[in-house]
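Notes for the structure review
Read off the chains here:
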Amino acid sequence: MSATSPVVVTGAHMEPRHGTPWADARERAHALGAALPTSTVSIPLADANGLVLRESVRSRASLPPHAASAMDGWAVAGEPPWAIGTPIDAGDAPDRTPLIAGTARPICTGAPLPPGAVGVLRLENGCESRAGADRILHRGERARPDEPRAGEHVRPAAEEARAGELLIASGSLLTPPRIALAAAGGHDALRVAAAPGVDLLVLGNELAASGVPAEGSIRDVVTPAFPMILASLGARVGEVGRAPDDRHATTAAMAASDASVLIVTGGSSRGRTDHARAAAASLGVRWVVDGVAMRPGHPVAFGHRPDGRIVLLLPGNPLAAFAGLLSFGTQLLGGMLGRPISRLTRVRLAEPVSGHHGDTRLVAVAIQDDGAHALGLQGSGMLRGLAAADGFAVVQPGSGAAGETVPMLPLPW
């Protein structure tokens, strides 16, 4: 901000008259969430995806616990011909009887290698014959003259990890491969940051809960959609309520929430029927951000109650509400769960995109071979553009030329 920029006071912060810059607001949302960390719980591996590890994971056994075959074929000792013995299958307990020179045993991928084996001759590179009652193994035409070399096609014991070795550090985001690694290390449950509780309050006299709305009304589109998004972000959705455009009803509904995070849609502007800010003030909410220099979604505000619980106000218009939730709700929850602030991807604009003269504009785009194309039907009260989008292009004032590379806010679905 320059020394001559006009400012207004909101809580403890001095803001530009048109609101906090969008990128700054994302950082503040993440910091606010991080200041209200969640508790730690133990959960089964199947429920751990997307959560943050609170206790480092160490391998409870060596990986693999014994030398194992990396191929289907024969474990061999010495030089051919090899007399073929009993097979070894995956899942068999290791046989401590050494394989003597001139013998071989059929072996499956993953099966324990017997002591004394030089290596594994691949199935397609061996040739069996009969010598009376005995089966004899020779190298096939495709095999090298020295196949197998020492240790060939063998996974040594503890090749991936030793017992007690660190597999996943505390603070890591749990992904399917990391969860699989924890399972390989002998774990059935993990200690993670507990899912934060989130209540949702939808305001508006004009909202119909079901069916085709009567004249003068519109459908409530937040109630069916937002809980799914919040759950995918790691939240535990509690109460989903509605209230009319009435100050007392709004205040009572907001006061009734005991969740760590309360998200309110509608009533966030400063019109005659907008009461969310006044209700928040009566609850002692201290704003960290009160208005964001973004389109759509300018009336977004978020802050904390005296006890630290978070309140996020979003516009009632559908596209603006989605833009606010994906811009800042994601960062609030990410901070609470110990995740780093999420990175933006970058896209090339395939055609010019008109920005806003003073605010960051979020433009729903579809990605095609030649770059990002702005979609139609994406007014603040519309959803068809977002329904077809791959993300929001983040267009700053003065940018948006065809061929320009701009940040993109990804969609979590």
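Please refer to the structure higher up on the page.
Just so you know, these numbers come straight off a predicted model, no measurement behind them.

On to the overall build of the chain, then. When helices and strands are counted, the chain shows seven helices and 29 strands. Compactness check: the chain gives a C-alpha radius of gyration of 31 Å against a globular reference of 22 Å for 413 residues, more than 25% above the reference. Principal-axis analysis of the C-alpha atoms places the extent of the chain at approximately 100 × 50 × 50 Å. A buried classification covers 45% of the 413 residues belonging to the chain. For the chain, the proportion of contacts with a sequence separation of at least 24, taken over those separated by at least 6, is 68%. Accessible surface, the chain as shown: approximately 19400 Å² in total, 54% of it carbon and sulfur. Distance from the positive charge centre (36 side chains) to the negative charge centre (38 side chains) of the chain: 5 Å.

Glancing now at the sheet that holds strand β12 (residues 134–139). One open sheet accounts for six strands, arranged β10-β7-β9-β8-β12-β11; its pairing is mixed. At either end of the open sheet lies a strand with only one pairing partner, and these are β10 (119–122) and β11 (126–131). Taken over all neighbouring pairs, the strand axes of this sheet differ in orientation by 40° on average, direction set aside. Pairing geometry for strand β7 (residues 73–77) and strand β9 (residues 103–107), over five bridges, is antiparallel. Paired with Gly73 across the strands is Ile107, a residue of β9.

Take the nonpolar core next. Core analysis: the biggest nonpolar cluster contains 45 residues, and Trp22, Phe226, Ile263, Val292, Phe302, Phe328 and Phe392 have the highest contact counts within it. Counting residues per element, this core draws most heavily on helix α6 (residues 318–337), which supplies ten residues. Look past the residues within four positions of Val292 in its chain and what remains in contact with it is His18, Gly19, Thr20, Pro21, Trp22, Ala25, His298, Val300 and Phe328. Leu53, Leu63, Leu167 and Ile168 belong to the second largest nonpolar core, which has 15 residues in total.

This part takes up the pairing of strand β27 (residues 371–374). Pairing of strand β26 (residues 360–368) with β27 involves four bridges; the strand directions are antiparallel. Following the sheet pairing, Ala366 is matched in β27 by His373. Linking β26 back to β27 in an antiparallel pair, the connection comprises two residues.

Rules behind the numbers
- Residues numbered from 1 in each chain as written.
- Predicted model: local features only at pLDDT ≥ 70, side-chain atom pairs only at ≥ 80, totals over all residues.
- Heavy atoms only, no water.
- Helix = DSSP H or I, 4+ residues; strand = E, 2+ residues; numbered from the N terminus.
- Rg over C-alpha atoms; globule rule 2.2 N^0.38 Å.
- Buried < 20%, exposed > 50% of the residue type's maximum accessible area, 1.4 Å probe, protein only.
- Contact = heavy atoms within 4.5 Å.
- Areas by Shrake-Rupley, 256 points an atom, 1.4 Å probe, with all protein chains shown as cover.
- Lys, Arg positive; Asp, Glu negative; His and termini not counted.
- Charge placed at Lys NZ, Arg CZ, Asp CG, Glu CD.
- Pairing = 2+ DSSP bridges.
- Axes fitted to C-alpha atoms, helices over the stretch in contact; angles between N-to-C directions.
- Core = buried A, V, L, I, M, F, W, Y, C linked by side-chain atoms within 4.5 Å.

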